[in-house]
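Chain by chain, the residues run as shown.
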Amino acid sequence: MLLVAAPAQAVEVTGQLTLGSVYTNNITLAPAGEEDGGFVLIAEPSIAIASTGLRYDFRLDYLLQALYYPNQPDSYYQDPSPQSSEFYSQGTVSLDLELLEEHLFLNSAAGTEQVPVDPAQPFTFNNIAQIGNRTNATQYQFGPEWHQGILGSSLVITTAAGHVDYSDEALQDTDYQTIETVWDGPLKDRGLSWSLRHAYEAFEYETSPDAKDQLVDVSLFLNLAGGWAPFATGGMESDINDPSNAALKDGIWAVGVRRTTARSAFEASGGRRSFGSTWTGSFEYRYGNSPADFIRAFYSEEPETTEGIDDSLAFPAADSGEPPPPPGPELPPDLVAPGTGFYFLQKSGGVAVSRSFNRNTVAFNVFYDKTINIPQEGVTNPGDNVQAGASARWVYQLGARTNLILDAYFANRDFNKDTPAADSDTQLWGRLSCTYQLGLRTLLTGWVAHDQIKGSSDDDNNYSESQVGVTVGRSF
């Protein structure tokens, strides 16, 4: 209806069809001695629609992944058993409306993808392997947003109500509500400036206790020459050890410094919150002329729920101004299973370096993630989890139409530390691919890859899988 009402606005529609075949020597990610190989035929039609008008911004990206397994019997009505064909939907859609010019907006978004049911069991970065450790996750959210200028200051109130649905009945669906208010004082190159913030979020599960938290603080900044600005923050927040109660009970404070220049941004602070002493920091430096030339580092400590730490279902704001992440393989799933309703203190950090030179683009990531269990009444929570590793990508332009791409990934994972269910493993993954541009709209891709998880005390969780594949994609 919106597009029909504004026929003068341009609508950009693009599509692509990818066809291919993959051979894997371990189609079910079985442990050593139980591997069974086979071919997989792939068909992936996709569509992207973008339309921006005077009062709206619409985006849709959708891919249907159809997989056919010639060596598997058609046993659709037998459960559980491998299928001869599988279909997966992946995509996001968003619609932002400007209801009252420059003031009132209505934002909405939805997305669907596949996530692992249990991160400790076999999983892959794609849907090719036939495993029972995968489920569809669908999320949608909407909410109004208010912008208001007040005597040179800026007030922004953003709200959202949403739902996360898992197709696996063992996982709990989730309703959530969030509200964030940020009131920034007038911008100043020199002298004192201020910022007032309020944040509230609540997650409601089917059987697990609700998880809520609330925070309000005020920050004072002393803006100095050269982009430097020491600051102090004080306020109140709800008790992290009582996630069912969002009342403001504990005082919080932090002191730190930040600096912003045309090519860099830096911020570091230390203080105290309801869970004890805390440290945060971020650094970004764009040192070259290419968008791929940058260094980025961060460290944060925040209370989260199982859905809150699932970044794969987040909806980043369009045109946020943030530089793209370094190219490379996807990060592994979170260490905590989705839909379990657990509550954690998450400590995470990472360093990313990317460089483009001559015909090369090289990126390297180091990451660390720790989830500290917060006990909840009536819930048997797991112990702490720790994950540390690195990933890298090297892209070499072999010719005007040909690229070679080498991906590598390594991670050590510790699950449920200091509990009877404690376990750990190591994941290794690598892929060498070659792309050739057959024409303006046709891309040929071939690859060989190897994936391995080892070291788990449960032999069923250890596997080794190698594959070779080729696809051809045609854009429309």
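Here, every reference points to the structure presented above.
Residues numbered from 1 in each chain as written. Predicted model: local features only at pLDDT ≥ 70, side-chain atom pairs only at ≥ 80, totals over all residues. Heavy atoms only, no water.

K.L.:
Where do I start with the pattern of salt bridges in this structure?
P.N.:
Opposite charge on two side chains permits pairing when their charged atoms draw close. Scanning the model with the defined rule gives 11 salt bridges in all. Asp-293 is the salt-bridge partner of Arg-355, the closest N and O atoms lying 3.5 Å from each other. Pair noted here: Arg-355 is in strand S16 (residues 343-357) and Asp-293 is in the loop between strand S14 (276-286) and strand S15 (294-305), with a separation of 62 residues, a long-range link. For Asp-293, a relative accessible area of 4% puts it in the buried group. A single network of salt bridges, built from pairs that share partners, joins Glu-237, Arg-273 and Glu-302. (Salt bridge = Lys/Arg side-chain N within 4 Å of Asp/Glu carboxyl O. Helix = DSSP H or I, 4+ residues; strand = E, 2+ residues; numbered from the N terminus. Buried < 20%, exposed > 50% of the residue type's maximum accessible area, 1.4 Å probe, protein only.)

K.L.:
It is not clear to me how a nonpolar patch on the surface should be interpreted in this structure. Could you clarify?
P.N.:
On the surface, Tyr-23, Phe-39, Phe-357, Val-362, Trp-394, Leu-406, Leu-432, Val-448 and Val-468 cluster together to form a nonpolar patch covering roughly 760 Å² of accessible area. Along the chain, Leu-432 falls in strand S20 (residues 423-437). (Patch = residues over 30% accessible without salt bridge, like charges linked within 9 Å, V, L, I, M, F, W, Y side chains within 5 Å. Areas by Shrake-Rupley, 256 points an atom, 1.4 Å probe, with all protein chains shown as cover.)

K.L.:
Please explain unusual backbone geometry as it appears in this structure.
P.N.:
Trans peptide bonds make up the majority, and among non-glycine residues the majority have a negative phi. For Leu-29, which is not glycine, the phi dihedral falls at a positive 55°. Along the polypeptide, Leu-29 turns up in the loop between strand S1 (11-24) and strand S2 (38-52). In this structure Leu-29 comes out as buried when scored by relative accessible area, which is 2%. One non-glycine residue with positive phi stands out, namely Asn-416, at about 50°. Relative to the elements of secondary structure, Asn-416 occurs in strand S19 (residues 402-417). Taking relative accessible area as the criterion, Asn-416 reaches 18% and is therefore assigned buried.

K.L.:
Looking at this structure, how should I read the environment of Arg-273?
P.N.:
Position of Arg-273 relative to the elements: it lies in strand S13 (residues 264-273). Apart from the residues lying within four places of it in its own chain, the contact partners of Arg-273 are Leu-215, Glu-237, Ile-252, Thr-278, Glu-301, Glu-302 and Pro-303. (Contact = heavy atoms within 4.5 Å.)

K.L.:
What should I look at first to understand the nonpolar core in this one?
P.N.:
Here is a general trend for soluble globular proteins: nonpolar side chains tend to be buried in one another's company. In this structure, Val-22, Ile-27, Val-40, Ile-42, Leu-67, Tyr-69, Tyr-88, Ile-128, Trp-447 and Ala-449 together form the largest nonpolar core, which totals 10 residues. Sequence-distant contacts of Tyr-88, defined by excluding residues within four places in its chain, comprise Leu-63, Leu-64, Gln-65, Leu-67, Gln-114, Asn-127, Arg-134 and Asn-136. Membership of the second largest hydrophobic core comes to nine residues, among which are Ala-137, Val-164, Leu-171 and Phe-203. (Core = buried A, V, L, I, M, F, W, Y, C linked by side-chain atoms within 4.5 Å.)

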